[in-house]
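Residue-level structure breakdown
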Amino acid sequence: MSSATPTEGTAGGTSRRRRGPRTWLAALPLIAFTALAFGLPLGALLFGAVTRTDPATGATALTGEHLSRSLQGPYLGSLVGSVQLSALTALIGSVLGVLIAQAVVTSRSQALRSAVLTASGVLANFGGVPLAFAFIATVGISGVVTQLADLTSLGWNLYSFGGLAVVYLYFLIPLMVLVIMPALDGLRPQWREAAQNAGAGGRQYWRHVGIPVLAPSLLGGFVLLFGSAFAAHATAAALVGGSVPLVTLKIADALSGNVMVGQENVALALGLDMILIAGLVMAIYLPLQRRSARWLR
């Protein structure tokens, strides 16, 4: 028995070692596609953000001018505005999404669950110009609901920071429902029963058991919503134009020359700033998701 165990272990280890190169070979097409689809655009973006070409001689030289300008004046204001809008909508969307998901999970109704998941899957991917048009026709200045409820007299303005936040919540809340519902399903009933047997009430259960276990998923969902709102462009462009300072709108204006001509490299620098912020977001999100998966198995 003792001599068979090492042999089996050695054979298993050899088998695993042999499968390793084959696994990498199988992943080579995906790695090549990723490098082509993401590596080349990122390289071009980085090159344009840190270089300057002399229009007279055509000589290219390294410079930090574009990155410096992207963090000054209205460009910095657009970055701050995007971060503020994304953080606000992500926070509200996370809270409302969790409440909706918890209500669905608690109800134990399969029909309600299927309806909510289907609607969330559709609404989470509904954005861009169609979403902006739907809100303009509904709660815009001449929208149906605006006229019927006289929202203008109440101070409602769709084409503002608050109005844009409401539009973003339309697809962020369903996204949070999709993200957090599996985590809520992972809360075992035995944990609540054990807490009740120990004399804990509902608040104590959520404070000491439920929320600590769900914390990685909650934070991960918040980060995911933040990234989705931060990268959104078409909806804001169709709805508010330049009235709300957002980095995606500044990039579009710089590339098209709507404000100043020759700001293409500054737009690339702004894009690099966004990538750095998105990279930070993903660096927070992925470890949280792995930790959540380990707790909720």
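Residues numbered from 1 in each chain as written. Predicted model: local features only at pLDDT ≥ 70, side-chain atom pairs only at ≥ 80, totals over all residues. Heavy atoms only, no water.

Looking at an unreviewed UniProt entry, one finds the chain named Putative spermidine/putrescine transport system permease protein, with Streptomyces nymphaeiformis as its source organism. Per its UniProt entry, the chain bears the Sequence similarities (unreviewed entry) comment "Belongs to the binding-protein-dependent transport system permease family. CysTW subfamily." Heading Subcellular location (unreviewed entry) of the UniProt record for the chain holds this comment: "Cell membrane". (UniProt positions renumbered as here; feature names shortened; annotations may be inferred.)

Another point: the overall build of the chain. The secondary structure content of the chain amounts to 12 helices and two strands. For the chain, the N- to C-terminal ordering of α and β elements is α-β-β-α-α-α-α-α-α-α-α-α-α-α. Burial statistics for the chain: of 297 residues in total, 32% are counted as buried. By sequence separation, contacts in the chain at least 24 residues apart represent 69% of the contacts at least 6 residues apart. With the model as given, the accessible surface of the chain reaches about 17,100 Å², and the carbon-plus-sulfur share is 68%. (Helix = DSSP H or I, 4+ residues; strand = E, 2+ residues; numbered from the N terminus. Buried < 20%, exposed > 50% of the residue type's maximum accessible area, 1.4 Å probe, protein only. Contact = heavy atoms within 4.5 Å. Areas by Shrake-Rupley, 256 points an atom, 1.4 Å probe, with all protein chains shown as cover.)

This next bit is on the packing of helix H8 (residues 189-197) against helix H9 (residues 202-231). Put simply, H8 and H9 touch, their axes get as near as 10 Å, and they point 160° apart. Regarding the angle of H8 to H9, the classification is roughly antiparallel. Considering how the two elements wind past one another, H8 and H9 form a crossing that is right-handed. The residues of H9 that touch H8, namely those facing Trp191, Arg192 and Ala195, are Tyr205, Trp206, Val209 and Val213. Residues of the contact of H8 with H9, tallied by class, amount to six nonpolar, no polar and one charged. (Axes fitted to C-alpha atoms, helices over the stretch in contact; angles between N-to-C directions. Parallel < 35°, antiparallel > 145°, perpendicular 65-115°, else oblique. Left-handed = near helix turned anticlockwise from the far one by under 90°. Nonpolar A, V, L, I, M, F, W, Y, C, P; charged D, E, K, R; others polar.)

Below, the discussion takes up the packing of aromatic side chains. The description of an aromatic ring pair rests on the distance of the ring centres and on the angle between the ring planes. Per the stated rule, a full pass over the model turns up four aromatic pairs. Plain terms: the ring middles of Phe126 and Tyr170 are 6.2 Å apart, the flat faces sit at 65° to each other, and that makes the pair edge-to-face. Of the two residues, Phe126 is situated in the loop between helix H4 (110-123) and helix H5 (128-139) and Tyr170 in helix H7 (residues 161-185); the sequence distance between them amounts to 44 residues. Assessed through its relative accessible area of 27%, Phe126 is described here as partly exposed. (Phe/Tyr/Trp six-rings, centres within 6.5 Å; stacked < 30°, edge-to-face > 60°.)

Right, let's talk about the environment of Ser68 for a bit. Note on placement: Ser68 falls in helix H2 (residues 65-70). A sequence separation of 201 residues divides Ser68 from Ala269, and the C-alpha atoms of the two residues are 8.7 Å apart.

Residues Leu88, Leu91, Ile92, Val95, Leu96, Leu99 and Phe161 make up a contiguous nonpolar surface patch of roughly 570 Å² in combined accessible area. Looking at which element gives the most residues to the nonpolar patch, the answer is helix H3 (residues 73-107), with six residues. Relative to the helices and strands, Leu99 is located in helix H3. When its relative accessible area of 55% is taken as the criterion, Leu99 is described as exposed. (Patch = residues over 30% accessible without salt bridge, like charges linked within 9 Å, V, L, I, M, F, W, Y side chains within 5 Å. Salt bridge = Lys/Arg side-chain N within 4 Å of Asp/Glu carboxyl O.)

What follows deals with the packing of H3 against H7. A pair of packed helices is captured by two measures, namely the crossing angle of their axes and the spacing between those axes. Close contact between H3 and H7 brings their axes to 6 Å; oriented N to C, the two are set at 45°. Judged by the inter-axis angle, H3 sits oblique to H7. The handedness of the crossing between H3 and H7 comes out as right-handed. Here the contact of H3 with H7 is composed, by residue class, of 22 nonpolar, seven polar and one charged.

Bringing the UniProt feature "transmembrane region" (unreviewed entry) in the chain into the picture now. The sites that carry the UniProt feature "transmembrane region" (unreviewed entry) are, in the present numbering, residues 24-47, 85-105, 117-141, 161-184, 213-246 and 266-288. For residues 24-47, the helix share is 100%, the strand share is 0%, and the end-to-end C-alpha distance is 30 Å. Taken end to end, residues 85-105 is 100% helix and 0% strand, and its first and last C-alpha atoms sit 30 Å apart.

Moving on, we come to the pattern of salt bridges. Across all of its chains, the model carries two salt bridges by this definition. Here Arg52 and Glu65 are joined by a salt bridge, their closest N and O atoms 2.8 Å apart. Of the two residues, Arg52 is situated in strand S1 (residues 51-53) and Glu65 in helix H2; the sequence distance between them amounts to 13 residues. The partly exposed category is assigned to Arg52, whose relative accessible area is 44%. Its relative accessible area of 32% is what places Glu65 among the partly exposed residues. Across the pair Asp185 and Arg113 runs a salt bridge, and its minimum N-O distance is 2.3 Å. Within this pair, whereas Asp185 is found in helix H7, its partner Arg113 is found in helix H4, the two being separated by 72 residues in sequence.

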